[in-house]
Amino acid sequence: MKEYQTITEISGPLVFAEVDEPVGYDEIVEIETPDGDTLRGQVLESSEGIVSIQVFEGTGGIDRNASVRFLGETMKMPVTEDLLGRVLDGSGNPIDGGPDIVPDERRDIVGEAINPFSREYPEEFIQTGVSAIDGMNTLVRGQKLPIFSGSGLPHNELALQIARQATVPEEETGEGDGSEFAVIFGAMGITQEEANEFMDDFERTGALERSVVFMNLADDPAVERQVTPRLALTTAEYLAFEKDYHVLVILTDMTNYCEALREIGAAREEVPGRRGYPGYMYTDLAQLYERAGRIEGKEGSVTQIPILTMPGDDDTHPIPDLTGYITEGQIMMDRDLNSQGIEPPINVLPSLSRLMDDGIGEGLTREDHGDVSDQMYAAYAEGEDLRDLVNIVGREALSERDNKFLDFADRFEEEFVQQGYDTNRSIDETLEIGWDLLSKLPKEELNRIDEDLIEEHYRDDETEAAEVPADD
């Protein structure tokens, strides 16, 4: 192993050094400072005679007298089933006071792309306990479904609720193949206050027992932020494809990750792309998102919920824009609903789960799921349009039918979307609430539901009265 004292330049998180032999891309580097500290880094670029190294711990204390050693291997994550219940920093080191990790193996954090021929199509329901997701934008195993939020909106609360409540229903009832459910939580660039809230919730609810938490804080180096999601996904792939777990990966906040990409790109003096972000950001995000999926012959699965805050609530910003191209839909959080006190403030109209139709129906959720979802979507959309009309002509100018749709829109938000962050609804409870709401509309307006399902589930006032025993 050669040791060099040939550092020529230090720029932000990058160190440039001269070498006299080929050095591999992504190779791990140790830098020993004159004070005796050893810092870790990774080769970012290698050309003839010079390499650029991104230093995970930051470049403080490094000068031209520092020694550089190239280890001849890429960064690896020590993986084992015993990681469940552990809290690690953004570089994969334990920070929970527990014992050192004794790995079963060490895996390259870049991972291997899933062969498209070996992929199984995602089509099995994951229950999050959140009606706006389960009922209207269903998550299925192996899907990547991001949450688009804005600064100040309660996306962290929603992320914690999903981490606590997410289950695979048939596994709970003993009808499945015995695969267990696990959550990998990767936090990037969050504040210490947010980190404390996350950990308090995980410990209070017992969710930590089936989780692995990676914490990269806002004052940690930006370079580490690029490593954190790759460590999390490497752990998820091991648990899913070696230990047969159904793994849900929650990554927050992808905006902080992309800001780190921009910062390092600027330090490398790269030609910037849209709004200063690197031109390769699409490729970089795809390398992360495409690690979700199922593999033929493997019982486990990796499902992703990346969370990103849209700068200025702009869904055309490069981060949500590129994310939308890669992923299979999005869950949109809404500032107006949040100001009304709706928890969680999910706007179902611009939200979308492209794989929903394949993950619901008889044998998966319930046979009426698709029809109920379509009808509620149509009725809520009509109610939203009528709200705009009311602002112009007043409610008195509307017909009795239109007033019923206006009432439906209000009740949909107050009873279906609104549930708080501690309420865990089964899919049956979600659909029954849907039928309660739809039964306030005339039968002839339910034009998206099969007539047999209407006869079975529609609640007439007379039927409800007959079911309630009369008082003496």
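See the structure printed just above.
This write-up is about the structure you can find in this document.

The rules behind each value
- Residues numbered from 1 in each chain as written.
- Predicted model: local features only at pLDDT ≥ 70, side-chain atom pairs only at ≥ 80, totals over all residues.
- Heavy atoms only, no water.
- Helix = DSSP H or I, 4+ residues; strand = E, 2+ residues; numbered from the N terminus.
- Contact = heavy atoms within 4.5 Å.
- Salt bridge = Lys/Arg side-chain N within 4 Å of Asp/Glu carboxyl O.
- Buried < 20%, exposed > 50% of the residue type's maximum accessible area, 1.4 Å probe, protein only.
- Core = buried A, V, L, I, M, F, W, Y, C linked by side-chain atoms within 4.5 Å.
- Axes fitted to C-alpha atoms, helices over the stretch in contact; angles between N-to-C directions.
- Parallel < 35°, antiparallel > 145°, perpendicular 65-115°, else oblique.
- Left-handed = near helix turned anticlockwise from the far one by under 90°.
- Nonpolar A, V, L, I, M, F, W, Y, C, P; charged D, E, K, R; others polar.
- Pairing = 2+ DSSP bridges.

Thoughts on the side chain of Thr80
Inspection of the secondary structure puts Thr80 in the loop between β8 (76–79) and β9 (87–89). Ignoring sequence-local partners within four residues, the contact set of Thr80 consists of Ile101, Val102, Pro103, Asp104, Tyr238 and Leu239.

Thoughts on the pattern of salt bridges
Taken as a whole, this structure holds 36 salt bridges when the rule is applied. For Arg335, the salt bridge goes to Asp313, with nearest N and O atoms at 2.7 Å. In this pair, Arg335 is assigned in helix α9 (residues 335–339) and Asp313 in the loop between β19 (301–309) and α8 (318–326), connecting sequence segments 22 residues apart. Look at Arg335 and you get partly exposed, because its relative accessible area is 36%. Between Arg387 and Asp410 there is a salt bridge whose closest N-O contact spans 2.7 Å. With a gap of 23 residues between them, Arg387 in helix α11 (residues 369–393) and Asp410 in helix α12 (residues 400–417) connect regions that are remote in the sequence. Because the salt bridges share partners, they merge into one network encompassing Arg366, Asp368, Asp428, Glu432, Asp436 and Arg459.

Some points on the nonpolar core
Taken as a class, soluble globular proteins show a tendency for nonpolar side chains to be buried jointly. Counting 67 residues, the largest nonpolar core has Ile162, Met215, Ile250, Phe408 and Phe412 as its most contacted members. In terms of residue count, the dominant contributor to this core is α12 (seven residues). Ignoring sequence-local partners within four residues, the contact set of Phe412 consists of Met136, Val348, Met376, Tyr380, Val417 and Leu437. The next biggest cluster of nonpolar side chains, apart from the first, holds 54 residues, and it includes Val79, Ile101, Val249 and Leu261.

A short note on the packing of α11 against α12
Between α11 and α12, the shortest axis-to-axis distance is 8 Å and the interhelical angle comes to 115°. If you check the angle between α11 and α12, you find them roughly perpendicular. Every pair of crossing elements has a handedness; the one defined by α11 and α12 is left-handed. Judged by residue contacts, Met376, Ala379, Tyr380, Glu382, Gly383, Glu384, Leu386, Arg387 and Val390 of α11 engage Arg401, Asp402, Phe405, Leu406, Phe408, Ala409, Asp410, Phe412, Glu413 and Phe416 from α12. Of the residues assigned to the contact of α11 with α12, the class counts are 11 nonpolar, one polar and seven charged.

Quick notes on the pairing of β19
β19 sits mainly inside the fold: nine of its nine residues count as buried. Covered by surrounding structure in β19 are Ser301, Thr303, Ile305, Ile307 and Thr309 together with Val302, Gln304, Pro306 and Leu308, the residues of both alternating faces. Bridging between strand β14 (residues 147–149) and β19 involves three bridges; their strand directions are parallel. Opposite Ser149, over in β19, you have Thr309 as the bridge partner. Relative to β19, strand β17 (residues 246–252) runs parallel, the two sharing seven bridges. Bridge pairing links Thr252 to Ile307 in β19. Hairpin connection, strand β18 (residues 293–295) to β19: the antiparallel pair is bridged by five residues, and Gly297 has positive phi, about 90°.

Quick look at the environment of Glu343
Residue placement: Glu343 occurs in the loop between α9 and β21 (346–353). Note on Glu343: relative accessible area 33%, which makes it partly exposed. The contact partners of Glu343, leaving out residues within four places of it in the chain, are Val417, Gln418, Gln419, Gly420 and Tyr421.

Some remarks on the sheet that holds strand β3 (residues 14–18)
Two strands in a sheet stick together by hydrogen bonds in their backbones, pointing the same way (parallel) or opposite ways (antiparallel). Taken in spatial order, the seven strands of this open sheet run β1-β7-β4-β5-β6-β3-β2, and their pairing is antiparallel. Across the chains shown, the open sheet's two edge strands, defined by having one partner strand only, are β1 (3–4) and β2 (7–11). Relative to strand β7 (residues 67–74), strand β4 (residues 27–32) is paired through five bridges, and the arrangement is antiparallel. The residue bridging Glu32 from the neighbouring strand is Ser67, located in β7.

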